[in-house]
Protein chains: 2
Amino acid sequence: MTQSSLTAILHLFQAQARLEERFSGALGGVHGLGLKEALFLMHLQQAPLRRLTRVDLAKRLHISASTVTRMAVPMEKLGLVARQPDPRDARLAYVVLTETGQAIVTDARATFERLATEVFRDRWTEQEVGQLADLLGRLNSNQIGVLA
Amino acid sequence: MTQSSLTAILHLFQAQARLEERFSGALGGVHGLGLKEALFLMHLQQAPLRRLTRVDLAKRLHISASTVTRMAVPMEKLGLVARQPDPRDARLAYVVLTETGQAIVTDARATFERLATEVFRDRWTEQEVGQLADLLGRLNSNQIGVLA
DNA sequence: GCATATTACTTGCGTACGCAATTAATGTGT
DNA sequence: ACACATTAATTGCGTACGCAAGTAATATGC
């Protein structure tokens, strides 16, 4: 158990590093977005009102609140997201997905899906991919805000 | 297939982010090492002569060669690694694990193993962990230099 | 209802990283 | 053997990040 646990974790780190390289390159090439930005927008897309507070986004993306603030600035200028203050609580500044952002992220998601399919295209059965998705889902199941 | 592929990838990214946080904190607390440094040394430990060239390390760790150069400096000063020129090829400067480094990394690996076991301790059977390790191993199988 | 604690967000600062240019050494073609 | 390409490593530079401090607003305790 100890042995396979360690192996699983190390393989997971290794796999993530490879996939990040691959997805970063491909996403950056097609859209103007990096992988980080794409995940940022995807989290907004699946949120209740297509919006999240900055701290909430930070938790979901596992980055600091200051990074969320700074990431949002260029995307605001591009019109992908907008700042939306909360009338009830003046401290809150939601990041909300615009129509433009909606279109872009839908497109990015399609690219994402295509890339994901390619990863498993050779040497993987549908059942195996599903099994992997399930197991990784279990690994994340004791937390909030897992994406899609 | 497309659907579960996307889910698998997204879950993998999510899982990695959480595990990185957890392992970074715990490793940094026990030894003086960060997660990155621990993986750095673990790659050396399992290498043929406990040594690797900088470019080789960079490929295995999925970081740039310049980062390897810069990471090595403080670890050299701590005596964990040493610089070892190649007599055949004066361009090569191996990073080699010292005795001290060997001891530290063995210790770090034990901590790593303990943490990994904790991750799966609740709600996971040995078979499931093994299955996850296998599937992730498959995902990495078309590349060189996978760790342990 | 007022003082204090907590929360959301921003900003300054230091650090870590990748890219591209540089240097030095080895490989290749003729 | 010599010119040129390739490779390993380092360094300058710009960028992205986290942490901690600062600011403003809301929540809590008395």
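The structure we're discussing is the one just above.
Reading guide: rules and limits
Throughout this description, residue numbers start from 1 for each chain and increase along the sequence as written. The naming scheme follows written order: chains are lettered A onward, ligands numbered 1 onward. In keeping with the predicted nature of the model, local features appear solely for residues at pLDDT of at least 70, side-chain atom pairs appear and are counted solely at 80 or more, and the whole-chain, interface and lining totals rest on all residues. With hydrogens and water set aside, each side-chain value is computed from the structure's full complement of heavy atoms. Any residue with a heavy atom lying within 4 Å of a molecule or strand is counted as near it. In protein, a polar contact requires one atom able to donate a hydrogen and another able to accept it; more generally it is a pair of N or O atoms within 3.5 Å, and residues adjacent in sequence count only if both atoms are side-chain atoms. Helix and strand assignments follow DSSP, with helices taken as H or I runs no shorter than four residues and strands as E runs no shorter than two, numbered in order from the N terminus. Throughout, the ten residues Ala, Val, Leu, Ile, Met, Phe, Trp, Tyr, Cys and Pro are labelled nonpolar, Asp, Glu, Lys and Arg are labelled charged, and all others, Gly among them, are labelled polar. Following DSSP output, two strands are said to pair if at least two bridges run between them. By the convention used here, residues are in contact when the closest approach between their heavy atoms is within 4.5 Å. Fitting a line to C-alpha atoms yields each axis, with helices limited to the stretch in contact; the angle taken between N-to-C directions then spans 0 to 180 degrees. Least squares is used to superpose the copies, and the fit set is the C-alpha atoms of residues whose pLDDT is at least 70 in both copies.

Peer 1: Run through the protein's contact with DNA strand C, naming residues and quoting values.
Peer 2: Close contacts around DNA strand C come from 21 residues, with Arg54, Thr69 and Arg83 of chain A together with Ser64 and Thr67 of chain B the closest. Among atoms of DNA strand C positioned within 4 Å of the protein, sugar and phosphate together represent 69%. Arginine 54 of chain A places a polar side-chain atom, nitrogen or oxygen, 2.7 Å from a phosphate oxygen of DNA strand C. Taking serine 66 of chain B, its side chain carries an N or O atom lying 2.9 Å from a base nitrogen of DNA strand C. Those elements giving two or more residues to the surface near DNA strand C turn out to be helix H3 (54–61) and helix H4 (65–77) of chain A together with helix H4 (65–77) of chain B. Sort the elements by how many residues they give to the surface near DNA strand C and H4 of chain A lands first, with 4 residues. Looking at the surface near DNA strand C residue by residue, the class counts come to 6 nonpolar, 6 polar and 9 charged.

Peer 1: Just give me the short version of the sheet that holds strand S2 (residues 81–85) of chain A, but keep the residues and values in it.
Peer 2: Residue and element names in this part refer to chain A. Strand order in the open sheet made by the 3 strands is S1-S3-S2, with antiparallel pairing throughout. Each edge of the open sheet is held by one strand with a lone partner, namely strand S1 (51–52) and S2. Each of S1, S2 and strand S3 (93–97) touches helix H2 (residues 35–45); the most contacted strand, S3, lies at about 95° to it.

Peer 1: Pulling in residues and values, what's your account of the sheet that holds strand S1 (residues 51–52) of chain B?
Peer 2: Residues and elements named next belong to chain B. Ordered by their spatial adjacency, 3 strands build an open sheet running S1-S3-S2, and the pairing between neighbours is antiparallel. Each edge of the open sheet carries a strand with a single partner, namely S1 and strand S2 (81–85). In the sheet, S2 pairs with strand S3 (residues 93–97) via 5 bridges, with the strands oriented antiparallel. When the sheet's bridge partners are listed, proline 85 is paired in S3 with alanine 93. Sheet contacts for helix H2 (residues 35–45): S1, S2 and S3; angle to S3, the most-contacted strand, approximately 95°.

Peer 1: I'd love a proper account of the relation of the copies chain A and chain B, names of residues and values included.
Peer 2: What relates the pair of chain copies is a rotation about an axis plus a shift along that axis. Once chain A has been moved 0.0 Å along the axis and rotated by 180°, it coincides with chain B to within an RMSD of 0.0 Å. What we have between these two chains is a two-fold relation.

That's the geometry; what it means functionally is another story.
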